[in-house]
Amino acid sequence: MVDKSTDAIRQDRDRFIGFAFASADLLLELTGDLRVSWAGGAALSLLGLESDKAIGLPLAAFVSPLDAALASAAVR
């Protein structure tokens, strides 16, 4: 049986592996309804807020209103 701390470490590892292969300074992990469940990288300099403050916000909060539909379609 895997305890919660081991599971959390594995989740962090998986996120950082994903970040290593991302060609961006910011990595957002999204829920099924396109809300941020995790943020890492240069959130403060790119978004103007700490990574933990982005959690729960919709993806549309980080893109131009003109690009929101395109961004949502691309993610889906």
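Computed from a prediction, not measured in an experiment: that's the story for all the values here.

Asks: Would you take a moment to explain the pairing of strand β1 (residues 26–30) for this structure?
Replies: Moving residue by residue along a regular strand, the side chains alternate between the two faces of the sheet. With five bridges connecting them, β1 and strand β2 (residues 36–41) associate as antiparallel partners. Across the sheet, L26 pairs through a bridge with G41, a residue of β2. Following β1, the chain reverses through five residues before pairing antiparallel with β2; L34 in that reversal takes a positive phi of roughly 60°.

Asks: I keep staring at the confidence of the model for the chain and nothing clicks. Help me out?
Replies: Detailed reading of predicted coordinates is not advised where the pLDDT is low. Within the chain, residue pLDDT values average 84, and 89% of them lie at 70 or more. The weakest mean pLDDT in the chain belongs to helix α1 (residues 4–21) at 80; the strongest belongs to helix α3 (residues 51–54) at 92.

Asks: Sorry if this is basic, but what is going on with the environment of G18 here?
Replies: Residue placement: G18 occurs in helix α1. Sequence spacing of G18 and E29 is 11 residues, and the spatial spacing of their C-alpha atoms is 9.9 Å.

Asks: Even after reading the chapter, I still don't get the environment of L30, so can you show me in this structure?
Replies: Tracing the chain through its elements places L30 in strand β1. In this structure, the C-alpha to C-alpha distance between L30 and P58, residues 28 residues apart in sequence, is 8.6 Å. When sequence neighbours within four positions are dropped, the list of residues in contact with L30 reads R35, V36, S37, L59 and V75.

Asks: Would you explain the pattern of salt bridges in this entry?
Replies: Should the charged atoms of two oppositely charged side chains come close, the side chains can pair. Within the structure shown, the criterion is met by two salt bridges. Here R13 makes a salt bridge to D14, at a shortest N to O gap of 2.9 Å. Note on R13: relative accessible area 43%, which makes it partly exposed. Residue classification places D14 among the partly exposed residues on the basis of a relative accessible area of 44%. Across the salt bridge formed by D33 and R35, the nearest N and O atoms sit 4.0 Å from each other. For R35, a relative accessible area of 35% puts it in the partly exposed group.

Definitions and cut-offs
- Along each chain, residues carry numbers from 1 onward, in the same order as the chain's sequence is written.
- Selection of residues for local features in this predicted model requires a pLDDT of at least 70, selection of side-chain atom pairs for listing and counting requires 80 or more, and totals for whole chains, interfaces and linings are taken over all residues.
- As a convention, hydrogens and water are excluded, and side-chain values are obtained from all of the structure's heavy atoms.
- Whether two strands pair comes down to DSSP finding at least two bridges between them.
- A helix here means a DSSP run of H or I that spans at least four residues, while a strand means a run of E at least two residues long, and both kinds are numbered starting from the N terminus.
- The pLDDT score gives, residue by residue, the confidence of the prediction method on a 0 to 100 scale.
- Two residues qualify as a contact provided that any one of their heavy atoms is within 4.5 Å of a heavy atom in the partner residue.
- Any carboxyl oxygen of Asp or Glu that lies within 4 Å of a side-chain nitrogen of Lys or Arg is treated as forming a salt bridge with it.
- Buried, partly exposed and exposed residues are distinguished by accessible area as a fraction of the type maximum, computed with a 1.4 Å probe on protein chains only: under 20%, between the cut-offs, and over 50%, respectively.

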